Amino acid sequence: MARLFNPSPGLRDAAPNRWDWILLPLVLVLLVLAAYGAMQMSRPFVVGEALPISLDPANLPYYLMRTILRMFIALGFSLLFAFIFAALAAKYRAAEKAMIPLLDVLQSVPILGFQAIAIAPFIALFPGNLLGVECAAIFAIFTSQAWNMALSLYQSFRTVPPELNEAARIFRLSAWQRFWRLELPFAMPGLLWNMMMSMSGGWFFLVAAEAISVAGQDIKLPGIGSYIAVAIDQRNLGAIAWAIGAMLTGILLYDQLFFRPLLAWADRFRFEDTQGDTAQRSWVLDWGRRSRWLSAFSEWLAKGFQNAMGWFAERRDGTVARRQWLRLPTWWPRAWDVILVLACAFAFLRLGLFVHQDVGWGEALHVLGLGLITLCRVMLLIGLASLVWVPLSIWIGLRPRYSQKVQALAQFLAAFPVNLLFPLVVLLLVHFQLSPNIWLSPLMVFGTQWYILFNVVAGAATIPYELRLAADNLGLRGWLKWKRVYLPAVFPSFVTGAMTASGGSWNASIVAEYVSWGDTSLVADGLGSYIKQMTDAGDFHRIALGIGVMCIYVMLLNRFFWRRLYLRAESRR
């Protein structure tokens, strides 16, 4: 262990060059900002204490720093969750039967529902300290980031090409080595694009995450989300414009300093012998490769990684006696199925008792009807978004010089909070006397359609260059080339993106079907508007009913529609 963490002689003796001196101020600034932000997150605080939010644009850099720090902390926990979830669900059939439906439920629960559960425990965990509220906000952002990353990793692990699996068996890689040497590198391009989408998803729900209500008190943590919330309350269009500019600045900064270098570095994991014309470029990564300190540090990390690969290596003598204790009895799969069926039956029994005693069957049928309306909206919007973004995303993914230009713009559009559109939407619908049932619907997919874009771009970027050359040599052109090469290649990525976009659209219906600006409110019939109205009324029984019905619809849709598409994608890999 000591050998793993002792710096190598190259790292100790490397003399700095000019690139080291150029990068040093940048690294120091980032470390100082992170340390200062962490210090501000942990200071004395008592519930009820005022945390004033100023709309002075001079405060926006500080608010932006606090927001980005929360989002990157949430991203780190989301990445850890995705690793554990995807590895278990993809490798163990019994775990998959329970974890995938659980993920369906988690992504369908609105962020407000998670926040209501998390606020009190976190505040109790850190009494008299702001860190409890900060943890609640980070947890809320985590719930907007983690599910699509876990789903992307799970899909990638299930669609590893058979020839790579065969090579791993020939080289006798252990499960630990397969994860780090095969499965994670294969999933890396798609994971990085989903990490970008997760960051944008965090921005999309930032107002709900940073503007918290607890014990009758409104707590607005310093950040862009709280700034937007105050600007909307005061109907200050100038402050909203400043907030949009700050969001764009933040997205451009972490795109250039974090995601662009990662995407360029991840080109080494492409499933092909040559990168052709698809290589990503990053000025930060180029500078880092020219830096002696960073080069020596990366060599030390690589050596440590190589040592870690031997921790759980496979034995070469062919014996499997040491794993006998891991084998479950033959009756266990059937017993596990029975347990799951009984658990589902118990859950439906409790739901039936809840409906019978607290809300009534008439109300439940009414909510089911509203859910059917929202279901039709979701499927229609996902279908229309797919027709637009699938061909465009393939075109972008095959041309990295364009994907690098679109990358930051797509992140900004995906991050744009839909409630910032409320003034324009209310003005247009009232002026032209348009039906809210029709014209509020696009708001549901405004922030979620980008899941399709990001996933399909990632899938298209991993199409082997040799396969494209072979298609050209065979004379494939036009629709035939798309039908035989491009569409089958991106189909698994599309299913992941469309499934996540569908779940996100259900969540977004809460803010899209009930729009208000000032004294004017526009309401569309649907499950989202029902939950929003019951939340405003404080009717917790009907809030629970609405969320429960939403979970049921999402689970049934995923089980009988998206799951079948997943199986088809696996059979055609």
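Thresholds, definitions, all that
Each residue is numbered by its place in its chain's sequence as written, counting from 1. With pLDDT at 70 or above as the cut-off, local features in this predicted model cover only qualifying residues; side-chain atom pairs require 80 or more to be listed or tallied, and sums for whole chains, interfaces and linings still use all residues. In computing side-chain properties, one takes all heavy atoms of the structure into account and sets aside hydrogens as well as water. The way it works is that DSSP assigns letters per residue, a run of H or I at least four long becomes a helix, a run of E at least two long becomes a strand, and they are numbered from the N terminus. Using a 1.4 Å probe on the protein chains alone, a residue whose accessible area is under 20% of its type maximum counts as buried, one over 50% counts as exposed, and one in between counts as partly exposed. Two residues form a contact once any of their heavy atoms are found within 4.5 Å. Using a 1.4 Å probe, accessible areas were evaluated by the Shrake-Rupley method; residue-level cover was limited to the displayed protein chains. To estimate how far a helix should extend, the number of its residues minus one is multiplied by 1.5 Å. The angle between axes fitted to the seven residues ending at a residue and the seven residues starting there is what we call the bend at that residue. Side-chain rings of Phe, Tyr and Trp (the six-membered ring for Trp) are treated as a pair once their centres are within 6.5 Å; stacked means planes under 30 degrees apart, edge-to-face means over 60, and tilted covers the remaining angles. Here, a charge over a ring is recorded when the distance from Lys NZ or Arg CZ to the ring centre is within 6 Å and its angle to the ring normal is within 35 degrees. Between the N-to-C directions of two axes lies an angle of 0 to 180 degrees, each axis being a line fitted to C-alpha atoms and, for a helix, fitted only over the stretch in contact. Oblique is the label for any angle not under 35 degrees, not over 145, and not in the 65 to 115 range, which are roughly parallel, roughly antiparallel and roughly perpendicular in turn. Under the scheme applied here, ten amino acids are nonpolar (Ala, Val, Leu, Ile, Met, Phe, Trp, Tyr, Cys and Pro), four are charged (Asp, Glu, Lys and Arg), and all others, including Gly, are polar. What we call a nonpolar core is a set of buried Ala, Val, Leu, Ile, Met, Phe, Trp, Tyr and Cys residues that are connected through their side-chain atoms within 4.5 Å. Every residue gets a pLDDT, meaning the predictor's confidence in that residue, from 0 to 100. Take a side-chain nitrogen of Lys or Arg and a carboxyl oxygen of Asp or Glu: if they are within 4 Å of each other, that pair is a salt bridge.

Novice: Tell me about the overall build of the protein, and please be specific about residues and values.
Specialist: Assigned secondary structure in the protein consists of 25 helices and 4 strands. Of all 573 residues assigned to the protein, the portion counted as buried reaches 50%. For the protein, restricting intrachain contacts to residue pairs at least 6 apart in sequence, the fraction spanning at least 24 positions comes to 79%. For the protein, the accessible surface area stands at approximately 27800 Å², while carbon and sulfur atoms represent 67% of it.

Novice: How would you sum up helix 23 (residues 478-512)? Please name residues and give values.
Specialist: Residues separated by three or four positions in an α-helix point in the same direction, a consequence of the helix having 3.6 residues per turn. An ideal rise of 1.5 Å per residue puts 51 Å on 35 residues; helix 23 reaches only 38 Å between its terminal C-alpha atoms. By the largest-angle criterion, Phe491 marks the main kink of helix 23, which is about 50°, and a proline, Pro492, follows within four residues.

Novice: Which residues make up the side chain of Ser200, and what values go with them?
Specialist: Within the secondary structure layout, Ser200 lies in helix 9 (residues 175-204). Other than its neighbours up to four places away in sequence, Ser200 contacts Gln411, Ala414 and Ala415.

Novice: Which residues make up the packing of aromatic side chains, and what values go with them?
Specialist: Taken as a whole and judged by the stated rule, the model has 24 aromatic pairs. Pairing Phe122 with Phe139 gives two aromatic rings, centres 6.1 Å apart and planes at 50°, and the pair type is tilted. Here Phe122, found in helix 6 (residues 111-125), pairs with Phe139, found in helix 7 (residues 131-158); they are 17 residues apart in sequence, far enough to count as distant. On the accessibility criterion, Phe122 (22% relative accessible area) is partly exposed. Of the aromatic side chains, those joined through ring pairs into one cluster are Phe81, Phe85, Phe122, Phe139, Phe142 and Trp147. A cation sits over an aromatic face here: Arg559 above Phe560, 5.6 Å from the ring centre.

Novice: Describe in detail unusual backbone geometry, supporting the description with residues and values.
Specialist: Phi at Arg172 takes a positive value of approximately 55°, unusual for a residue other than glycine. By the secondary structure assignment, Arg172 is in the loop between helix 8 (162-170) and helix 9. Look at Arg172 and you get partly exposed, because its relative accessible area is 29%. Positive phi values are uncommon outside glycine, yet Gln433 reaches one of about 55°.

Novice: Would you mind going over the packing of helix 5 (residues 93-108) against helix 15 (residues 332-359) in detail, with residue names and values included?
Specialist: One way to put it is that helix 5 packs onto helix 15 with a least axis distance of 10 Å and a crossing angle of 10°. Taken together, the axes of helix 5 and helix 15 lie roughly parallel to each other. Contacts between helix 5 and helix 15 involve Ala94, Lys97 and Ala98 from the first element and Trp332, Trp336, Asp337 and Leu340 from the second. When its residues are assigned to classes, the contact of helix 5 with helix 15 shows 5 nonpolar, no polar and 2 charged.

Novice: How would you explain the nonpolar core if you had to name every residue and give the values?
Specialist: Residues Leu153, Trp203, Ile224, Ile452, Phe454 and Trp506 are the most contacted members of the largest nonpolar core, which totals 146 residues. Those residues in contact with Phe454 that lie beyond four places of it in its chain are Trp193, Met196, Met197, Ala410, Gln411 and Ala414. Listed in part, the 11 residues of the second largest apolar core include Leu51, Ile119, Ile212 and Ile219.

Novice: Talk me through the confidence of the model for the protein; I want residue IDs and the actual numbers.
Specialist: Low pLDDT means the predicted coordinates in that region are not meant to be read closely. Within the protein, residue pLDDT values average 80, and 89% of them lie at 70 or more. Per-element averaging of pLDDT across the protein places helix 1 (residues 2-5) at the bottom with 42 and helix 4 (residues 60-91) at the top with 92. Low pLDDT, under 50, characterises residues 1-5; the predicted model gives this stretch 6 contacts beyond four residues in sequence or across chains. Below a pLDDT of 50 lies the segment residues 318-325, which in the model reaches 6 contacts outside its immediate sequence neighbourhood of four places, other chains included.

Novice: Which residues make up the pattern of salt bridges, and what are the values?
Specialist: Per the stated rule, a full pass over the model turns up 12 salt bridges. With a shortest N-O distance of 2.6 Å, Glu134 and Arg70 are connected by a salt bridge. Of this pair, Glu134 sits in helix 7 while Arg70 sits in helix 4, placing them 64 residues apart in sequence. Relative accessible area serves as the criterion here: at 0%, Glu134 is assigned to the buried category. Between Arg260 and Asp255 there is a salt bridge whose closest N-O contact spans 3.1 Å. The pair Arg260 / Asp255 is uniform in exposure class, with both members buried. Through salt bridges with shared partners, one network takes in Arg66, Arg70, Glu134 and Glu210.

Novice: Tell me about the environment of Pro423, residues and numbers included.
Specialist: Within the element layout of this structure, Pro423 appears in helix 18 (residues 422-432). Overall, Pro423 belongs to the buried group, its relative accessible area being 16%. With 186 residues separating them along the chain, Pro423 and Leu237 place their C-alpha atoms 9.0 Å apart. Ignoring sequence-local partners within four residues, the contact set of Pro423 consists of Leu237 and Trp517.

Novice: Let's hear about the environment of Leu33: which residues, and what values?
Specialist: The topology assignment puts Leu33 in helix 3 (residues 18-41). In this structure, the C-alpha to C-alpha distance between Leu33 and Arg66, residues 33 residues apart in sequence, is 9.2 Å.

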